[in-house]
Amino acid sequence: MRTGNGTTITEPARTTPVYGTTDVLVVGGGPAGVTAAIAAARAGAEVTLVERYGCLGGLSTGGLVIWIDRMTDWDGRLVVGGIGKEITDACAAANALIGPPPEQWGSKDPKLAAYWGVRTAGHKGTVNFSPTVDPEELKLILNDLVRAAGVQVILHSWAVATLHDAGAISGVVFESKEGRFAIRANVTIDCTGDGDIFAGGGAAFDNDFDAVSAHARLNTSFRFGNVDMRRYLDFRMIHPDRYSAIMEEARNEDEWMINPAFVTPNDSIALFLTPKFSGYSALKVADLTAVEFRSRDVTRQLLAWYRAKMPGFERAWIHDTASQIGTRHSRRLRGVTRVDSTAWRNDGSAADSIGLCPGISPNYPTLEIPYGVLVPERLDGLLAAGRNLSCDTTSHAALREIPECWVLGQAAGVGAALAVKGKRAPRDVPVARIQTELRRQGAVVTRAG
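Residues numbered from 1 in each chain as written. Predicted model: local features only at pLDDT ≥ 70, side-chain atom pairs only at ≥ 80, totals over all residues. Heavy atoms only, no water.

A few words on the overall build of the protein. Of regular secondary structure, the protein possesses twelve helices and 20 strands. The C-alpha atoms of the protein give a radius of gyration of 22 Å, which matches the 22 Å a tight globule of 449 residues would have. Along the first, second and third principal axes, the C-alpha set of the protein runs to 65 × 60 × 40 Å. The buried share among the 449 residues of the protein stands at 55%. Taking as baseline every contact in the protein between residues at least 6 positions apart, the subset at least 24 positions apart corresponds to 72%. Entry remark: accessible area of the protein is about 19100 Å², with carbon and sulfur atoms responsible for 50%. For the protein, the distance from the average position of its 48 positive side-chain charges to the average position of its 49 negative side-chain charges is 1 Å. (Helix = DSSP H or I, 4+ residues; strand = E, 2+ residues; numbered from the N terminus. Rg over C-alpha atoms; globule rule 2.2 N^0.38 Å. Buried < 20%, exposed > 50% of the residue type's maximum accessible area, 1.4 Å probe, protein only. Contact = heavy atoms within 4.5 Å. Areas by Shrake-Rupley, 256 points an atom, 1.4 Å probe, with all protein chains shown as cover. Lys, Arg positive; Asp, Glu negative; His and termini not counted. Charge placed at Lys NZ, Arg CZ, Asp CG, Glu CD.)

See the structure below:
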């Protein structure tokens, strides 16, 4: 295809029908969007959730990012509660989760830390609750939760324009197989991850990042089936020198072969969240396309290598590749408050805390996340939750993880619902009221509880 070289066409003016009007509109059904919608509905708002794919969960389902990272601090205290805990509890009840039991959280026992370390739940000599879940069961659980809360869900619909006037957002326009429609809302929550809605509404944002770090890389995750994961894990733990030698051979053969297999709740399925490719933008369709092709080429290459070299993978096959590309960074809101690295170096407290993020290492405090990171500097009628929050690049690496997206989404949903109830802008909702409602919903709001 030849490029357009800057040429344009003129589309005819058209009238867009209004699909409906709602108290709270959540755009994006990923980890932040799902918890935002549920929380807003539980706080008494009429809620509509628009999602471009055919399932809820975003990267935690369609992206196969099923390793949920740390939900406990370095002493084993649960710091991510609320709807996020409901989700992991439901996965556990369905035998769709692998992770240490509560009595082991925070343990420094070397044997336990080593056992859970190869199962992605032991870090820096400490057992953490960072479970891995089954994505298909998670899709079902999320369906159950939004239905029980009374959220109206619209799938297969992509928000393509922001309705805004006089410094306020009033909804979105979306495209679907049924056509182009508008949805009006008192408060819109941008949970697109890429900040598509606040960018379309003229909100200020940042998109600076280190183009070669893992923080900004893209990939499509995949899983291998017919694997003997117990044999593989025994080999890693009992023969660490032989395992290291195989991985070093991989390093010498091809840089993309150095990819450890992650456990899943099914002993016959292995998860791969890498390789992660640098130099691509999550906002350019040519780059997104290139990464999809490149990731699947590596999937085939890696399967052949693992079959030939790694115990437990002799008869493996490609189980599936993610239907959603793995994006870590694109736009970040410029909010009323911005979390930066000084917050981690200091005591990590915030008077307007709406949830917690465990310290990035035992040397850093658990961070209290301020409500202001969800609120645009000037734009009204909108909150932004998920990896498009207001922060610097250093803090973003921790705050973009799935547990933090659950936390941010639940807080945004409560803030939006209370704004509608009080007939005020989200920025003017008293934080104490948000904190009270979050606690009523089971969230861990501050380090004191």
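In this section: the pairing of strand β18 (residues 353-357). Counted residue by residue, β18 has five buried out of five residues, so it is predominantly covered. As paired elements, β18 and strand β19 (residues 367-370) share three bridges and run antiparallel to each other. Directly across from S353, in β19, lies its bridge partner P370. (Pairing = 2+ DSSP bridges.)

Further remarks concern the sheet that holds strand β13 (residues 222-225). Across the sheet, which stays open at both edges, the three strands sit in the order β14-β13-β15 with antiparallel pairing between neighbours. Looking at the sheet topology across the chains shown, the edges are occupied by β14 (270-272) and β15 (317-321). Here the strands of the sheet are splayed against their neighbours by 30° on average, with no regard to which way each runs. Pairing analysis gives three bridges linking β13 to β14, with the strands arranged antiparallel. Residue pairing for β14: F222 is matched across the bridge by F272. (Axes fitted to C-alpha atoms, helices over the stretch in contact; angles between N-to-C directions.)

In this structure, V24, V26, V47, I189 and L374 are the most contacted members of the largest nonpolar core, which totals 78 residues. Tallying contributions element by element places helix α11 (residues 402-422) first for this core, with 13 residues. Apart from the residues within four sequence positions on either side, V26 is in contact with G33, A36, A37, V47, T48, L49, V50, I189 and C191. With 27 residues, the next largest nonpolar core counts A121, V127, M229 and A316 among its residues. (Core = buried A, V, L, I, M, F, W, Y, C linked by side-chain atoms within 4.5 Å.)

Here G117 is to be found in helix α3 (residues 110-117). Judged by relative accessible area, G117 falls into the partly exposed class, the value being 31%. Taking C-alpha positions, G117 is 48 Å from R184, a pair spaced 67 residues apart along the chain.

In this section: the packing of helix α1 (residues 31-42) against helix α4 (residues 135-149). Put simply, α1 and α4 touch, their axes get as near as 9 Å, and they point 25° apart. Classified by the angle between their axes, α1 and α4 sit roughly parallel to one another. Crossing of α1 over α4 shows left-handed handedness. Only L142, L145, V146 and A149 of α4 make contact with α1, whose side of the interface consists of V34, I38, A41 and R42. (Parallel < 35°, antiparallel > 145°, perpendicular 65-115°, else oblique. Left-handed = near helix turned anticlockwise from the far one by under 90°.)

So, about the pattern of salt bridges. This structure, assessed with the given rule, holds 21 salt bridges. The salt bridge partner of D206 is R334, with a shortest N-O separation of 2.9 Å. Separated by 128 residues along the polypeptide, D206 in strand β11 (residues 205-206) and R334 in the loop between β17 (332-333) and α9 (341-345) bring together distant segments of the chain. On the basis of relative accessible area, D206 is assigned to the buried category, the value being 15%. Residues joined by salt bridges that share partners form a network here, namely D73, D75 and R77. (Salt bridge = Lys/Arg side-chain N within 4 Å of Asp/Glu carboxyl O.)

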